[in-house]
Amino acid sequence: MRFLGFLPFQYRLFLTPVVVFLGVFIAIMTAGRFMVGQLIELRSKISDVNAQNRLLEAKVNTLANLDQNQLNQQVQAASLAVPPDNSTLFALSTIRNIAGNTGITISNFNVAERKKGEKEANSVEVLIDGRGSVSSVISFINGVQKTAPLSKVVEIRMNGARSSASVNLKIVSIWNPVPETFGKIDTPIEDLKVTEKEILDKLTSLQLPSGGEFSVSRPAGRENPFSF
Amino acid sequence: MELRGGRNRINLLPQELRDIRGLRFFSGIAARISLAILGIYLATTIGLFLAIFLSSQELTNLENTKNGLTNNLEAVRNKEELLFTLKNRVSLAGVVYDKQTSLPSEAIERVLSILPADLELKSIENQDGKNVFLTVTASDSKAVLNFLTILENDQRFSSASLNTFGLREEGVYSLSLELK
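Just so we're clear, the structure is a prediction, and the values are computed from it rather than from any experiment. (Residues numbered from 1 in each chain as written. Chains lettered and ligands numbered in written order. Predicted model: local features only at pLDDT ≥ 70, side-chain atom pairs only at ≥ 80, totals over all residues. Heavy atoms only, no water.)

Caption draft 1: Layout of helix α6 (residues 194-204) of chain A. All names here are of chain A. By the burial criterion, the buried members of α6 are Glu-196, Ile-199, Leu-200 and Leu-203. Angularly, the buried residues of α6 cover 105° about the axis, an arc narrow enough to put them on a single face. Pointing more than 90 degrees away from the buried face of α6 are the exposed residues Val-194 and Asp-201. (Buried < 20%, exposed > 50% of the residue type's maximum accessible area, 1.4 Å probe, protein only. Helix = DSSP H or I, 4+ residues; strand = E, 2+ residues; numbered from the N terminus. Arc of directions from axis to C-beta.)

In structure tokens, the structure reads:
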């Protein structure tokens, strides 16, 4: 203890406690803080992983309870109702078939496409001028609304007698591409809600158009291109 | 040298040692406290080490569970894609079904269902399931009165406004109405 000779004797008595205090203080400020930080970080990670696990577990359970075949059928029906591709021709074909079946003579039609944003569906507006009895017009409207693709008659004008009325209809049909990104694996997913199930029931109950298949004729040359 | 009870009390310690007797007492207390703090610190440090070790173990276990769940999820990823597509289609269709409570066809059917046989329908119009505009003709006033009574008694229409009412030269009554 010779090196402490410069200290007066009475201060040397407090040397040990002071060194211990200082040592503990320094240890708390360095190692102690580091360890507490580590522990807080670990607990935070544990909490995050726990939350993710709960989410994944719920997701696995939700998906495990779904019947693959039923899901396939539902998606097929829903995709027919709201086609992933432009449904103009599909809608026109359906309208034409239903008109034929219900006795409506279509004299003129006009088609306008409306492209919307990502969240809203693209739509096809079909304006139809036709003729038929009132009851056949009603059957036609009901037929259009109960057949895929999902269409809605938004405007009706009828003029004439009950037996033969001229009719102007505005029919809106929707389509939209299927989303390409399905979200990350830890994105929560819920089964269909009650309201969604009700809509799905309506979609699956839509009838398939009779003879709705298109056969696109191959382009072929004509002898006289100006004569039809 | 102190005088106490008639006896002499002699302190033989050197002067500098005599001065630190009180300090020695306090230094002893300080040494004990510092040792206690050191002990507490060491115990806390051991506790922290233990907590960090156990938390690391817990985290590893949870990560393993997460990996297992992720693998399980990968196996049913196809179902997730189908459900996602289904929800997307349903939400798009929901826009069509939610836009209105009543469809034009329903509104038209409602009106046609109350139209008596002695009235002739001339025109009917509806947009977005709202008001129905109707023009009818009747051969006599009795048929007009009958129709208006039916309208008055029908609970499905909240209001009916008679927009025009006329008698043509050929004796035919013509009415145009707006029904809500």
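Caption draft 2: Seen up close, the interface of chain A and chain B. Counting residues at the interface gives 82 residues for chain A and 71 residues for chain B. Where chain A abuts chain B, roughly 7100 Å² becomes buried across the two surfaces, and 72% of that area is made up of carbon and sulfur atoms. Counting across the chain A and chain B interface gives 4 salt bridges. Salt-bridge contacts for Glu196(A) lead to Lys87(B); the nearest nitrogen and oxygen are separated by 3.4 Å. Counting the contacts that link chain A with chain B gives 16 residue pairs in polar contact (both at pLDDT 80 or more). (Contact = heavy atoms within 4.5 Å. Buried area = accessible area lost by both parts, 1.4 Å probe. Salt bridge = Lys/Arg side-chain N within 4 Å of Asp/Glu carboxyl O. Polar contact = N/O pair within 3.5 Å; in protein donor to acceptor, adjacent residues only side chain to side chain.)

Caption draft 3: Focus on the confidence of the model for chain B. Residues and elements named next belong to chain B. With 88% of its residues at a pLDDT of at least 70, chain B reaches an overall mean of 84. Mean pLDDT per element in chain B: strand β1 (residues 2-4) is the minimum at 53, and helix α2 (residues 21-75) is the maximum at 91. Confidence metrics for the complex model read pTM 0.69 and ipTM 0.75. (pLDDT = per-residue confidence, 0-100.)

Caption draft 4: Structural view of the packing of helix α4 (residues 88-102) of chain A against helix α5 (residues 134-145) of chain A. All names here are of chain A. Across the interface, α4 lies against α5 with an axial gap of 9 Å and an inter-helix angle of 145°. Note on packing geometry: the crossing formed by α4 with α5 is right-handed. Counted together, Ile-95, Ile-98, Ala-99 and Thr-102 of α4 and Ser-136, Ser-139, Phe-140, Gly-143 and Val-144 of α5 form the full contact between these two elements. Partitioning the contact of α4 with α5 into residue classes produces 5 nonpolar, 4 polar and no charged. (Axes fitted to C-alpha atoms, helices over the stretch in contact; angles between N-to-C directions. Left-handed = near helix turned anticlockwise from the far one by under 90°. Nonpolar A, V, L, I, M, F, W, Y, C, P; charged D, E, K, R; others polar.)

Caption draft 5: Local environment of a nonpolar patch on the surface. All names here are of chain A. Taken together, the side chains of Val-18, Leu-22, Phe-25, Ile-26, Ile-28 and Met-29 present a nonpolar region at the surface, about 550 Å² in accessible area. Looking at the element boundaries, Ile-26 is found in helix α2 (residues 15-64). Classification of Ile-26 as exposed rests on a relative accessible area of 51%. (Patch = residues over 30% accessible without salt bridge, like charges linked within 9 Å, V, L, I, M, F, W, Y side chains within 5 Å. Areas by Shrake-Rupley, 256 points an atom, 1.4 Å probe, with all protein chains shown as cover.)

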